[in-house]
Structure formats: C-alpha cells, structure tokens
Amino acid sequence: MLLEKIISISGKPGLFKLVSQLRNGFIIEDVTSKKKVSIGNSSQVSLLDNIAMFTFDKEVPLFEVFENIAKNYDYKETINHKSSDEVLKDFMAASLPNYDTERVYASDIKKLAQWYNLLQKAGYITPESFVKAEPETLDGVQEEISIDKDAPKKAAPKAEKPAAPKVKATSAAKAAPKSTHTKKG
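Per chain, residue numbering runs from 1 following the sequence as it is written. Per-residue local features of the predicted model are confined to residues with pLDDT of at least 70, and side-chain atom pairs are confined, for both listing and counting, to 80 or more; whole-chain, interface and lining totals are unaffected and use all residues. Each side-chain value is worked out from all heavy atoms of the structure, with water and hydrogens disregarded.

J.: Can you walk me through the overall build of the protein chain in this structure?
T.: Summing up its helical and strand segments, the protein chain has four helices and nine strands in all. Here a helix means four or more residues in a row that DSSP labels H or I, a strand means two or more in a row labelled E, and each is numbered from the N terminus. Starting at the N terminus and walking to the C terminus, you meet the elements of the protein chain as β-β-β-β-β-β-β-α-α-α-β-β-α. Each residue is placed in one exposure class: buried if its accessible area under a 1.4 Å probe, protein chains only, is under 20% of its type's maximum, exposed if it is over 50%, and partly exposed if it falls in between. Scored against the burial criterion, the 185 residues of the protein chain give a buried share of 28%. Sequence separation of at least 24 residues holds for 56% of the intrachain contacts in the protein chain that already meet a minimum separation of 6. For every accessible area listed, the method is Shrake-Rupley and the probe measures 1.4 Å; residues are considered covered only by the protein chains on display. Summing over all exposed atoms, the protein chain offers an accessible surface of approximately 13500 Å²; the carbon and sulfur share of this is 51%. Only heavy atoms enter the contact rule, under which two residues are in contact if any of them lie within 4.5 Å.

J.: Got a minute to help me understand the packing of helix H1 (residues 62–72) against helix H3 (residues 106–121) in this structure?
T.: In a pair of packed helices, the angle between the axes and the distance between the axes together describe the arrangement. The convention used is that axes are lines fitted to C-alpha atoms, helices contributing only their stretch in contact, and that angles between N-to-C directions extend from 0 to 180 degrees. Running from amino to carboxyl end, H1 crosses H3 at an angle of 70°, the nearest separation of the two axes being 11 Å. It follows that H1 is roughly perpendicular to H3 by the angle criterion. In this structure, H1 contributes Leu-62, Val-65, Phe-66, Ile-69 and Ala-70 to the contact, and H3 contributes Leu-112, Trp-115, Tyr-116 and Leu-119. When the residues that make up the contact of H1 with H3 are grouped by side-chain class, the tally is nine nonpolar, no polar and no charged. Orientation is classified from the angle alone, with under 35 degrees giving roughly parallel, over 145 giving roughly antiparallel, 65 to 115 giving roughly perpendicular, and any other angle giving oblique. Any residue that is not Ala, Val, Leu, Ile, Met, Phe, Trp, Tyr, Cys, Pro, Asp, Glu, Lys or Arg is counted as polar, Gly included; the first ten are nonpolar and the last four charged.

J.: Sorry if this is basic, but what is going on with the nonpolar core here?
T.: Within soluble globular proteins, side chains that are nonpolar tend to cluster in buried spots. Of all hydrophobic cores here, the largest spans 31 residues; its most connected members are Ile-6, Leu-15, Leu-48, Met-53, Phe-66, Leu-112 and Leu-119. Elements supplying a minimum of two residues to this core: H1, helix H2 (85–95) and H3. At seven residues, H3 tops the list of elements feeding residues into this core. Not counting residues up to four positions away in its chain, the partners in contact with Leu-15 are Ile-6, Ile-7, Ser-8, Glu-29, Asp-30, Val-31, Leu-48, Trp-115, Leu-118 and Leu-119. Nine residue types can take part in a nonpolar core, namely buried Ala, Val, Leu, Ile, Met, Phe, Trp, Tyr and Cys, and a core is a set of them joined through side-chain atoms within 4.5 Å. The next biggest cluster of nonpolar side chains, apart from the first, holds eight residues, and it includes Ile-7, Ile-9, Phe-16 and Val-45.

J.: Would you mind showing me how to read the packing of aromatic side chains here?
T.: What describes a pair of aromatic rings is the distance from one ring centre to the other and the angle between the planes of the rings. Between 30 and 60 degrees the pair is tilted, below 30 it is stacked and above 60 it is edge-to-face, where a pair is any two Phe, Tyr or Trp rings, Trp via its six-membered ring, whose centres lie within 6.5 Å. Under the definition given, this model contains three aromatic pairs. Look at Phe-63 and Phe-66: their rings are 5.9 Å apart centre to centre, the planes differ by 40°, and that puts the pair in the tilted class. In this pair, Phe-63 and Phe-66 are both assigned in helix H1, three residues apart and thus about one turn of the helix distant. According to the relative accessible area criterion, Phe-63 is buried, its value standing at 11%. Here Tyr-73 and Phe-91 contribute two aromatic rings whose centre-to-centre distance is 6.2 Å and whose plane-to-plane angle is 55°, an arrangement assigned as tilted. Residue Tyr-73 is located in the loop between H1 and H2, and its partner Phe-91 is located in helix H2; the two are separated by 18 residues in the primary sequence. According to the relative accessible area criterion, Tyr-73 is partly exposed, its value standing at 30%. A connected cluster of aromatic rings, assembled from ring pairs, spans Phe-63, Phe-66 and Tyr-116. Counting as a charge over the ring demands two things of the Lys NZ or Arg CZ atom: a distance within 6 Å of the ring centre and an angle within 35 degrees of the ring normal. Taking NZ or CZ as reference, Arg-103 lies 3.8 Å from the ring centre of Phe-54, over its face.

J.: I would appreciate a short explanation of the confidence of the model for the protein chain in the present structure.
T.: Model confidence for the protein chain is summarised by a mean pLDDT of 79, while 70% of its residues fall at 70 or above. pLDDT is defined as a per-residue confidence score from the predictor, taking values between 0 and 100. Scored below 50 in pLDDT, residues 164–177 shows one contact in the model against residues more than four places distant or in partner chains.

J.: What should I look at first to understand the sheet that holds strand S3 (residues 25–30) in this one?
T.: Within a sheet, each strand pairs with its neighbour through backbone hydrogen bonds, oriented either parallel or antiparallel. Any two strands with at least two DSSP bridges between them are considered paired. The antiparallel open sheet is built from five strands, whose spatial order is S4-S3-S2-S1-S5. Both edges of this open sheet fall to strand S4 (36–40) and strand S5 (45–47), since each of them pairs with a single strand only. Across the sheet, the mean angle from the axis of one strand to that of its neighbour is 45°, orientation sign disregarded. Where strand S1 (residues 6–9) meets strand S2 (residues 16–21), two bridges bridge the pair, whose relative direction is antiparallel.

J.: I would appreciate a short explanation of H3 in the present structure.
T.: Each full turn of the α-helix corresponds to 3.6 residues, which orients residues three or four apart in the same direction. Working rule for helices: expected span equals 1.5 Å times residues minus one. If you check H3, its first and last C-alpha atoms are 23 Å apart, about what 16 residues at 1.5 Å a residue would give, namely 22 Å. Three or more residues of H3 are buried, namely Ile-109, Leu-112, Ala-113, Trp-115, Tyr-116, Asn-117, Leu-118, Leu-119 and Gln-120. Residues of H3 that are buried sit in contact with S1, strand S6 (52–54), H1 and H2.

Below, the structure written as structure tokens:
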C-alpha cells in the first residue's frame, strides 16, 4: 500500500485514497471505511505527499515525519489528537526535534496526530509503506495525474502534414506568354 496516493479534501473529515481520475473529477476511497465516491474538480484536494512541516533549517516532507512517529511508536497508534497543547508539543518535539515552534501551530500538530492514527488504523503504517515506489510508466512514458483544477491543459501533439507533391514545371508552361493589359485612363 502506497502512501503517495493519500489525499485530504477540504471540508471533508478523514483521509482518502486516490483510486482513479475521471474526465471531470476523481474516484476516491475513504481509508477507514473503504467506501468509494466520486468528487468533482472543484474540490480542494491536497496530496499528503506534497505537504511538508517547517523546521528551522528546511521543510520536511510529511511522510518523513510520519516515518519518525512510526519508529518512535513502533508502528502503533500514537497520542490522541485531542490531547493538551503541552502533550502535543512534546509529541512534536520527539517526532521532529528541530520543528519551527513559531510556524507549526497546535492545530497542525493535532492534524498530524489525527492523520497518523487514521493511517495506522487503516493498515497504511508499516515498515514497507515508507519505501518510495518507482513511478508508474507506460511504454517508458511517465503517467501524470493532475489534481490541480487550475492546471494548464496540455496541448495534444500536432500531427505532421503530408508534404505537398512537387510539381515540375514543363517547358510549355514556362514558354507561355503572359498577357499584358494596360489601363487607359
């Protein structure tokens, strides 16, 4: 089970797995109930793979933070996301020691703990789940799935026009006199 296809949808609780892309949206599956539904392109979707947490040095991808939590808790459930702010800060300090205390809010830590526990209960948190998979390809061409509703559309490759047949002028056509008309005024 790959974590790269896990998404969060603004306004919907929980996490979802991206199943496939439709012409006007996506088919998603709730990670806990396994119920499949479709959503439109107008939904605000965030790939967890694109989310990072601030440290004083850099931004750390969310899955690296999940991996740290998994190792700290032996791939088992972690603290409740409704814990006190002090417990949440201690949890965050253990999971990402150099996290930026001014830019990572308590609400971010709550969401981190909640998402981790959802994924753990659904069976996504295993030692194998943190191994990056090779991109899926078809005949050596990488397949892309765009979730950004405002992404520019790619133009279809233009077909080459057949070359026009070359016509060789005959000597009779070259020798034909041109008419000359003058305008009288």
